[in-house]
Amino acid sequence: MAARDRRTGFSRRRQYGAFLGYVVAVAGAVVGAVLLVISTLHPATFAPVRMSAASVTAPVSSGLDAVARWFGAIPTAIGSYFQVHGENAALRAELKRSRVALMQARTIVYDNHRLRQLLAVRDRDDTTVVVARLVSSTPSSGRRFALLNAGTLQRVGSGMPVRGPNGLVGRVTEVGPIAARVLLLTDPESVVPVRRIGDGMPAIASGRGDGRLDIRSAERTNVRFGPHDMFVTSGTGGLYPPGVPVARIDHAGIDQAIAIPFAAPDSLDFALVQRPYMPLPPPPPALRAAP
Amino acid sequence: MRQSDESQIDFRPFAPPLPPGRARVVPWATVMAGSLVTIVPVVASLPLLPPMGLIILLTWRLLARFSLRPWAGAPLGLFDDVVSGQPIGASMLLWSVVMIGIDLVEQRLIFRDFWQDWLIAAAAIIFCLTVGRLVALPLGAHVDSVLLAQIAMSILLFPLAARLVAWIDRKRGSAT
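On a predicted model such as this, the values are computed, not experimentally measured, just so you know.

Enquirer: Is there a simple way to explain the overall build of chain B in this structure?
Expert: Check the secondary structure of chain B and you find six helices and zero strands. The helix and strand sequence of chain B, counted from the amino end, reads α-α-α-α-α-α. Burial statistics for chain B: of 176 residues in total, 45% are counted as buried. By sequence separation, contacts in chain B at least 24 residues apart represent 70% of the contacts at least 6 residues apart.

Spelled out as structure tokens, the structure:
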């Protein structure tokens with residue numbers, strides 16, 4: 001194959017056309033660089049563009065998702081038909097074992113209710129805005145975003161926390177009419193304030209980008225994180241409601257440890273979009289210029 | 001060509017299989033379809049999917065020299081940014097730079113065959129993915145081993161993309 005393009009020949013029109021093509025190519029690169037700077041400094045600028053594209057792709061993704069789920073359910077249905085007897089026996093045994101724990105839990109719930117009444121603590125109701133599915137994500141980019149198939153029409157707003165059945169998934173960053181973008185916990189720019197179950201030790205869970213989280217102690221040094229320490233959201237900052245399971249420590253560490261999130265987004269069934277625990281206060285009134 | 005028994009003679013051997021306008025749209029459409037692979041209904045925890053849009057763009061550019069204008073990198077990159085989750089402008093810049101860079105390389109090469117194409121595509125893929133990671137993610141993110149795997153998969157995917165694009169190119173006929 002001859003490598004060079006010599007087709008312009010002596011035709012002025014073709015020569016100018018080819019030259020103009022390169023001018024436009026360089027201009028495209030420059031425009032790209034400018035857009036990149038803008039979107040790095042102010043990521044929300046292009047949210048409308050992204051979310052209008054998402055409004056088209058999210059229904060397609062959820063259609064494909066429904067088809068894949070339908071086919072994926074066939075082997076499960078066949079398998080469960082044959083396993084149903086063994087499963088029945090195992091469930092009966094487990095029921096017997098958990099009856100004691102249930103009695104204890106009922107006592108604790110009653111005690112908790114009574115003590116809270118004594119303290120006159122009022123629980124904020126963490127109402128669920130909508131139950132939707134995460135239909136696609138960014139599998140080729142290092143950022144960890146997922147697309148939720150619900151948007152402003154379902155009253156989803158920017159900044160709302162998203163949780164799955166097992167634990168926290170992330171928070172909504174951009175909203176379109178029928179789709180929303182969710183920043184997953186594992187994104188390198190996601191930070192969640194957490195506390196350890198058991199002693200309530202506050203910590204920070206930040207995403208690593210490889211599907212795991214870094215847990216750092218927030219107020220003390222020389223903190224030991226044992227394996228299987230569990231962390232729930234602390235409610236600090238007012239975005240995430242307290243008490244949502246977040247992650248479990250994988251490798252023991254001092255002051256910093258690697259944790260695995262409870263909600264594995266790739267096996268996620270439903271996502272619950274909730275109201276922010278404490279909504280943002282209204283912006284302060286603009287200061288009047290001194291006369 | 002019709003494969004019926006009565007006539008195996010192609011009476012119009014030079015007729016373009018597709019009208020020129022549509023034949024010009026085909027490379028653009030395939031690159032955008034490659035970018036749209038990201039809408040598969042999977043919530044991935046690792047960035048392992050090769051950048052299909054970029055691979056198909058490189059294949060068109062290297063296999064069929066005149067199928068895409070030199071400025072095609074910018075609009076196609078913008079579309080890829082909108083659906084891929086990278087910050088807007090990243091692919092627009094990188095793909096334009098790659099298109100211009102391939103032109104510069106071509107000026108210096110007298111002759112090239114598939115191996116050189118593969119080498120050029122590998123360099124372009126490494127460039128785009130590495131710089132894309134640097135602009136999109138903080139330096140401390142632990143994605144570098146995954147990035148190496150993604151780069152390797154993308155480079156190994158180039159011959160397959162070349163077969164696919166060559167097949168489409170044969171079907172669509174030549175259009176400038």
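Don't stop here, the text continues.
Enquirer: So what exactly am I meant to see when it comes to the UniProt feature "transmembrane region" (unreviewed entry) in chain B here?
Expert: Residue and element names in this part refer to chain B. Using the residue numbers shown here, the UniProt feature "transmembrane region" (unreviewed entry) corresponds to residues 88–106, 118–141 and 147–168. Segment residues 88–106 splits into 89% helix and 0% strand. End C-alpha atoms: 29 Å apart. The distance separating the terminal C-alpha atoms of residues 118–141 is 30 Å; by composition the span is 79% helix and 0% strand.

Enquirer: I keep staring at the nonpolar core and nothing clicks. Help me out?
Expert: When a protein is soluble and globular, its nonpolar side chains tend to lie buried together. Within the largest apolar cluster, 49 residues are counted, with the highest numbers of intra-cluster contacts made by Leu148, Val182, Ala205, Ile215, Phe231 and Val246 of chain A. Phenylalanine 231 of chain A has contacts with Val194, Arg195, Arg196, Ile197, Ala203, Ala205, Ile215, Val246, Ala247 and Ala259 of chain A, leaving out every residue within four places of it along the chain. With 47 residues, the next largest nonpolar core counts Ile55, Leu94, Phe158 and Ala161 of chain B among its residues.

Enquirer: So what exactly am I meant to see when it comes to the sheet that holds strand E8 (residues 202–207) of chain A here?
Expert: Whether parallel or antiparallel, the strands of a sheet pair through hydrogen bonds between backbone atoms. Residues and elements named next belong to chain A. Strand order in the closed barrel formed by six strands is E7-E8-E9-E14-E12-E11, and the pairing between neighbours is antiparallel. Direction aside, the axes of adjacent strands within the sheet are offset by 40 degrees on average. Relative to E8, strand E7 (residues 191–196) runs antiparallel, the two being bridged by five bridges. Residue pairing in the sheet places valine 194 in a bridge with alanine 203 of E8.

Enquirer: Help me understand the UniProt feature "domain: Rod shape-determining protein MreC beta-barrel core" (unreviewed entry) in chain A, please; the structure alone is not making it clear to me.
Expert: The UniProt record marks residues 135–255 of chain A with the feature "domain: Rod shape-determining protein MreC beta-barrel core" (unreviewed entry), using the residue numbering of this structure. For residues 135–255 of chain A, the helix share is 0%, the strand share is 45%, and the end-to-end C-alpha distance is 36 Å.

Enquirer: Before we go on, may I ask you to explain the pairing of strand E9 (residues 213–217) of chain A in this structure?
Expert: Two faces belong to every sheet, and in a regular strand the side chains alternate between them. All names here are of chain A. Burial runs high along E9: four of the five residues are buried. Counting the residues between successive antiparallel strands, the hairpin from E8 to E9 contains five residues, one of them, glycine 209, with a positive phi of roughly 100 degrees. Both E9 and strand E14 (residues 256–261) contribute to a ladder of four bridges, which runs antiparallel. Bridging across to E14, isoleucine 215 finds its partner in alanine 257.

Enquirer: Before we go on, may I ask you to explain the interface of chain B and chain A in this structure?
Expert: Tallying the contact residues gives 52 residues for chain B and 51 residues for chain A. Among the elements of the structure, helix H3 (73–84), helix H4 (90–108) and helix H5 (114–136) of chain B are those that each provide at least two residues to the side of chain B that touches chain A. With nine residues, the single largest contributor to the side of chain B that touches chain A is H4 of chain B. Of the residues that constitute the side of chain B that touches chain A, the class distribution is 35 nonpolar, eleven polar and six charged.

Enquirer: For this particular structure, what's the right way to read the sheet that holds strand E1 (residues 128–132) of chain A?
Expert: All names here are of chain A. Pairing within the open sheet is antiparallel, and its seven strands lie in the order E1-E15-E4-E5-E6-E3-E2. The open sheet terminates on both sides in strands that have one partner only, identified here as E1 and strand E2 (134–137). On average, each strand axis in the sheet is inclined to that of its neighbour by 35 degrees, with strand direction left out of account. Where strand E4 (residues 161–163) meets strand E15 (residues 271–274), two bridges bridge the pair, whose relative direction is antiparallel. Looking at the pairing, arginine 163 lines up with leucine 272 of E15.

Enquirer: Would you mind going over the UniProt feature "transmembrane region" (unreviewed entry) in chain A with me for this structure?
Expert: According to UniProt, the positions carrying the feature "transmembrane region" (unreviewed entry) are residues 20–41 of chain A. The span residues 20–41 of chain A carries 100% helix and 0% strand; its end-to-end C-alpha distance comes to 32 Å.

Definitions and limits used
Here the residue numbers are simple positions, counted from 1 along each chain's written sequence. Starting at A for chains and at 1 for ligands, labels are handed out in the order in which the entities are written. Whole-chain, interface and lining totals are the exception, using all residues; otherwise, since this is a predicted model, local features are given only for residues with pLDDT of at least 70 and side-chain atom pairs are given and counted only at 80 or more. Here a helix means four or more residues in a row that DSSP labels H or I, a strand means two or more in a row labelled E, and each is numbered from the N terminus. With C-beta atoms placed from the backbone, the exposure class of a residue follows from how many other C-beta atoms lie within 10 Å of its own: 20 or more, buried; 12 or fewer, exposed; in between, partly exposed. Any residue pair is listed as a contact if its two C-beta atoms, each placed from the backbone, are within 7 Å. UniProt positions are given in the numbering used here, feature names are shortened, and annotations may be inferred rather than shown by experiment. Residues of type Ala, Val, Leu, Ile, Met, Phe, Trp, Tyr and Cys that are buried and joined through C-beta atoms within 7 Å form what is called a nonpolar core. We call two strands paired when DSSP finds no fewer than two bridges between them. Geometry is summarised by axes, namely lines fitted to C-alpha atoms with helices restricted to the contacting stretch, and by angles between N-to-C directions that run from 0 to 180 degrees. For this scheme, ten residues count as nonpolar: Ala, Val, Leu, Ile, Met, Phe, Trp, Tyr, Cys and Pro. Four count as charged, namely Asp, Glu, Lys and Arg, and the remainder, Gly too, count as polar.

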